[in-house]
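# Notes for the structure review
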Amino acid sequence: MILSGRGVTAVLGPTNTGKTHYAIERMVAHETGIIGLPLRLLAREVYTRLVEKVGQHNVALVTGEEKITPHMARFSVCTVEAMPRETRAAFVAIDEVQLAGDLERGHIFTDRVLHLRGRDETLLLGAATMKPILEQLLPGIHVIERPRLSQLFYAGSKKITRLPQRTAIVAFSADEVYAIAELIRRQRGGAAVVLGALSPRTRNAQVALYQEGDVEYLVATDAIGMGLNLDVDHVAFAQDRKFDGYQFRNLNPAELAQIAGRAGRHLRDGTFGVTGRVDPFDDELVKRIETHHFDPIKVLQWRTTRFDYASLQALRQSLDAPPPINGLTRALPAVDQQALEHLSRYPDVRDLATTPERVEKLWEACALPDYRRITPAQHADLISTLYADLVKRGTVNEDFMADQVRRADRTDGEIDTLSARIAQIRTWTYVSNRPGWLADPTHWQEKTREIEDRLSDALHERLTKRFVDRRTSVLMKRLRENAMLEAEISVNGDVFVEGHHVGQLAGFRFTLASGTEGPDAKAVQAAAQKALALEFEARAARLHAAGNADLALGSDGTVRWLGDPVARLAASDHIMRPRVILLSDEQLTGNARDHVAARIERFVNHHIATVLKPLDDLSRAEDLQGLAKGLAFQLVENLGVLFRRDVADDVKSLDQDARASMRKHGIRFGAYHIFMPALLKPAPAELITLLWALKNDGLDKPGYGDLIPVLAAGRTSVVTDPSYERAFYKLAGFRFLGKRAVRIDILERLADLIRPLLQWKPGTPRPDGAYDGRRFMATTAMLSILGATPDDMEEILKGLGYRADSVKAEEAAAFLAAQAPSAAAAETPVEAAAETSDEHDADASDDSEAPAASTEAPAAEVAEAPAAAEAAAEGDPAEAKPVLLWRPGSRHDNQRQGGHRQGGERQGDRQGQGERRSGDRRGQPSGERGERNERGERRDGGGRGRPDQAKGRDGKPQGGNRPDRGERNERGGKPQQAKFEARPPRKEKPIDPDSPFAKLAALKEQLKK
């Protein structure tokens, strides 16, 4: 068995981490998907959520007892047992994978975890205890650990009659559940009950009774531990032992935490404790549950899927096969295997199971679930009857089935009687949904579903009548009878009046609960406010003494204290010093309010100074003088990134000492940008985006925050979304280049690759991609670092100001063959270029750590362009694609309006050039092509200068189009010869006196004086 975790992501963590919600969001992002869930009830809940998102016609529901399969449904929601063994769906998710260690159902989860994969993405959701075994069994798996959104606190032991409202009381037998519910009805007005033996429809109705506030208590078995979304504030264990199908045993810490984790919802904290005859939990157990630290699962239950149907004996032997690898253990005989063992002793069954087809049919019949919880022998008798009909008649005898269904179709009787009838009808619902078992399956599916629904409604009615006292479930009636109301606030912020929940205190804001409006609302609020006044002062003192770890700044600009919102940020005069606005009621006043405001402001300043430390240090730098200080000021104002073209003259005016002093602050002088590589990380980028959005009212602009996950994923380039605010690309560290945006440090690496190709001299060893010293070809290395296809590469190079000449592959091959001095020219191009680069242009070659490039471009496309000339040279019979030779753009490119272009340039280049001639003050909105500084010099972003460039106003010939080329002439470097060209004078626009450039110019004039 060869197992691999490639393409598999495990999202692990405790309860209330949003794992299932994340899986649903990921699934709808794909064309097709399938998700497996541990319970039919949970499958129905996820099905409903998906229908709300994508429509009923796009979602199928498949369980052992129910099938809703619209034609051409894109998404399927299944129980894990009903998931297919193979699928062509693009996405697969399996929930609660820790059940792979369960003695009864574990082998089914193990099989799906090891073998079922989505075409594009596979998610495994479950507890963190699965991490070691998953990494062992599926090498290469990507594990994401998610923290719980709220905290759990141990509340100790309380009597059942003193438990707070919104409590779930847990027991592990029907008798105990009913006894506790009866006590709650007499003492507190009523309770809803949830047991695994109830039908899904009955359980849904009981949960709705609790969720809608008709009752304040829920009495349940561990059925509530599997992902049901309940508004539970407290979980109390009335029992801590259960029968697991084989023996009575104590629940382990992980199982207790799975149930206790139902307390708290989303960001609201929850509590757990014990009640009744259960001893209080010891300190070690409490700590493990509160911190979610449990022993890892060491082995998974396993059973072979390679069944041998040659004979009954062969099938039984194949079921006893040992696991093929470490980390798996053979599962104990499940219900189907127990049934097979009984049936193999029946002479009439052995007489029928004589061929592989009949043995396989017998094993299929053994899969019938034992909903009735009867003895294995009785269950085997029913399977034997069904199997005989399937072999002899081809289908189940419908007269026999009709008689069984008729017996269950009665709604009289009490709770136990109705529960038994529901178990009976669920058996026949399963039979009606088995393919090929009935002659008229549609009729029986509709009939059994109708009977099960009717019985479920009757059972819900009996449970409600027995365990709910309607007279005491109405809060407002209790309030009217009291003149003086007493209020109290729980540890998690619930506000109670006379023991009834009336609202929630989150941070320093009180929200009145629904249902307390009307004439009695004032009495409720007045009683609550008495308790709130003291609570506000106490909370203010705790917040003032809280550490930074208790506070958090969200991407929406909200400051939270222990999960509760307490302030929000707003714009101020200084972009790095936003204003803090408290989120509090008017009861927070005086010194308490001042202390809260001061503490939050101190946290915000510390957070910004920590996450944006390089930028904060630069804003306070005292070792920078003159132009360096002015350039640093602009860099801070622009949050760490400047386009080099915008400050080219100032950069040229910096001497080496000034540059060195700026480099000490983490500033890199690139070919296209002046930037700080330390800020090109998700956390700084997210905070930078927030600060900009606060200053520019950008929190609601399209694209806010959407580029941070792209940066976190290590993507070096991304397809642009025209609906996004363009500034968000720069803030996230990307350069917007038309249809694609590229990370700015990757653009600098691209400049480092292009520079030696344009500096190459014919007659010397030719670097990969060089052509004639004036033009170059896109190489695999360029495509790799950009994570781009050849078509994307064209867009990127055009955006940077390069122009393409298209030549036939045969001509390119012949030209390159003539240029090669010998076959031994194998010098590394980057090393050769490094030797020829001058000192000043080392600024544009500073390297920085960059994440691994995205592998978005297929390998075939990556190698396509550079290999075209070689294919032509080898005489490939297929017609080779033209080769694009890239060169720095010139002003002649912008002046051409039509006619033929030299070198076979493509019409698309001319069109793209025309599209970019508006929008920028230099005529180039998305690159450096065709741009000139004050002296008329070219600034074409890292390419080599054209020989037809003009001289500057000082009469000195200008170098290439690299930003620092003019400095080389001043230091004695040999300037390139250039031709003089006449051009009309450029109209100068009036300078905005409030712009940073005007301030910088004034500073320069002062320095000259």
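Conventions adopted
Residues numbered from 1 in each chain as written. Predicted model: local features only at pLDDT ≥ 70, side-chain atom pairs only at ≥ 80, totals over all residues. Heavy atoms only, no water. Buried < 20%, exposed > 50% of the residue type's maximum accessible area, 1.4 Å probe, protein only. Helix = DSSP H or I, 4+ residues; strand = E, 2+ residues; numbered from the N terminus. Pairing = 2+ DSSP bridges. Contact = heavy atoms within 4.5 Å. Axes fitted to C-alpha atoms, helices over the stretch in contact; angles between N-to-C directions. Parallel < 35°, antiparallel > 145°, perpendicular 65-115°, else oblique. Left-handed = near helix turned anticlockwise from the far one by under 90°. Nonpolar A, V, L, I, M, F, W, Y, C, P; charged D, E, K, R; others polar. Salt bridge = Lys/Arg side-chain N within 4 Å of Asp/Glu carboxyl O. Phe/Tyr/Trp six-rings, centres within 6.5 Å; stacked < 30°, edge-to-face > 60°. Lys NZ or Arg CZ within 6 Å of the ring centre and 35° of its normal.

### Concerning the pairing of strand S2 (residues 33-37)
- The buried count for S2 comes to five of five residues, which makes it a mostly enclosed element.
- Because side chains alternate across S2, one face comprises the buried residues Gly-33, Ile-35 and Leu-37, and the other comprises Ile-34 and Gly-36, equally buried.
- Strand direction decides the pairing type here: S2 and strand S6 (residues 91-94), joined by four bridges, are parallel. Looking at the pairing, Ile-34 lines up with Val-92 of S6.

### Regarding the environment of Phe-91
- Tracing the backbone through its elements, the reader meets Phe-91 in strand S6.
- Judged by its relative accessible area of 0%, Phe-91 is buried.
- Phe-91 sits 58 residues away from Gly-33 along the chain, and the two C-alpha atoms are 4.3 Å apart.
- Apart from the residues within four sequence positions on either side, Phe-91 is in contact with Ala-23, Arg-26, Met-27, His-30, Thr-32, Gly-33, Ile-34, Gly-118, Glu-121 and Leu-123.

### Let's talk about the packing of helix H12 (residues 356-366) against helix H13 (residues 376-392)
- One can describe the packing of H12 onto H13 by two numbers: an axis separation of 10 Å at closest approach and a directional angle of 140°. On the basis of their axis angle, the class for H12 and H13 is oblique. With respect to the hand of their crossing, H12 and H13 are arranged in right-handed fashion. Mapping the contact onto sequence places Arg-358, Val-359, Lys-361, Leu-362, Ala-365 and Cys-366 in H12 and Ile-383, Tyr-387, Leu-390 and Val-391 in H13.
- Considered class by class, the residues forming the contact of H12 with H13 number eight nonpolar, no polar and two charged.

### Things to note about the pattern of salt bridges
- The tally for this structure, following the rule as stated, stands at 41 salt bridges.
- When the shortest N-O distance is used, the salt bridge between Lys-242 and Asp-222 registers 2.8 Å. In this pair, Lys-242 is assigned in strand S14 (residues 241-243) and Asp-222 in the loop between strand S12 (217-220) and strand S13 (234-237), connecting sequence segments 20 residues apart.
- Classification of Lys-242 by relative accessible area gives buried; the value is 18%.
- With relative accessibility at 28%, the residue Asp-222 sits in the partly exposed group.
- Between Asp-403 and Arg-407 there is a salt bridge whose closest N-O contact spans 3.3 Å. Residue Asp-403 and its partner Arg-407 are both found in helix H14 (residues 398-408); the two are separated by four residues, about one turn of the helix.
- Classification of Arg-407 by relative accessible area gives exposed; the value is 56%.
- Ionic contacts of the salt-bridge type, sharing partners, join the residues Asp-772, Arg-774, Arg-775, Asp-805 and Arg-887 into one network.

### Some details on the packing of helix H6 (residues 200-211) against helix H16 (residues 441-467)
- Running from amino to carboxyl end, H6 crosses H16 at an angle of 35°, the nearest separation of the two axes being 8 Å. Both H6 and H16 take part in a crossing whose hand is right-handed. For the pair formed by H6 and H16, the contact residues are Pro-200, Arg-201, Thr-202, Ala-205, Gln-206 and Leu-209 on the first element and Glu-452, Asp-453, Ser-456, Asp-457, Leu-459, His-460, Leu-463 and Thr-464 on the second.
- Among the residues forming the contact of H6 with H16, the class breakdown is five nonpolar, five polar and four charged.

### Thoughts on helix H29 (residues 790-799)
- Most of H29 sits out of view: eight of its ten residues are buried.
- Every buried residue of H29 is listed here: Pro-790, Asp-792, Met-793, Glu-794, Ile-796, Leu-797, Lys-798 and Gly-799.
- Gly-801 lies just past H29 and shows a positive phi near 100°.

### Comments concerning the sheet that holds strand S24 (residues 558-561)
- Across the sheet, which stays open at both edges, the four strands sit in the order S23-S24-S25-S26 with antiparallel pairing between neighbours. Edge positions in the sheet fall to strand S23 (551-553) and strand S26 (579-582), since each of these pairs with one other strand and no more. Each adjacent strand pair in this sheet contributes to an overall mean axis angle of 30°, direction not counted.
- Bridge analysis of S23 against S24 gives three bridges, and the strand direction is antiparallel.

### Quick word on the packing of aromatic side chains
- Taken as a whole and assessed by the stated rule, the structure comprises 17 aromatic pairs.
- Between Phe-243 and Phe-248, the ring centres sit 5.2 Å apart and the planes meet at 55°, which makes this aromatic pair tilted.
- Residue class for Phe-248 comes out exposed when judged on its relative accessible area of 58%.
- Ring geometry for Phe-307 versus Tyr-309: centroids 6.2 Å apart, planes at 45°, classification tilted.
- Given a relative accessible area of 23%, Phe-307 falls into the partly exposed group.
- Among the aromatic residues, ring-to-ring pairing joins Tyr-154, Phe-237, Phe-272 and Phe-281 into one connected group.
- If you follow Arg-166 out to its NZ or CZ, it ends over the ring of Tyr-210, 3.9 Å from the centre.
- The ring of Phe-669 carries Arg-659 above its face, with NZ or CZ at 5.5 Å from the centroid.

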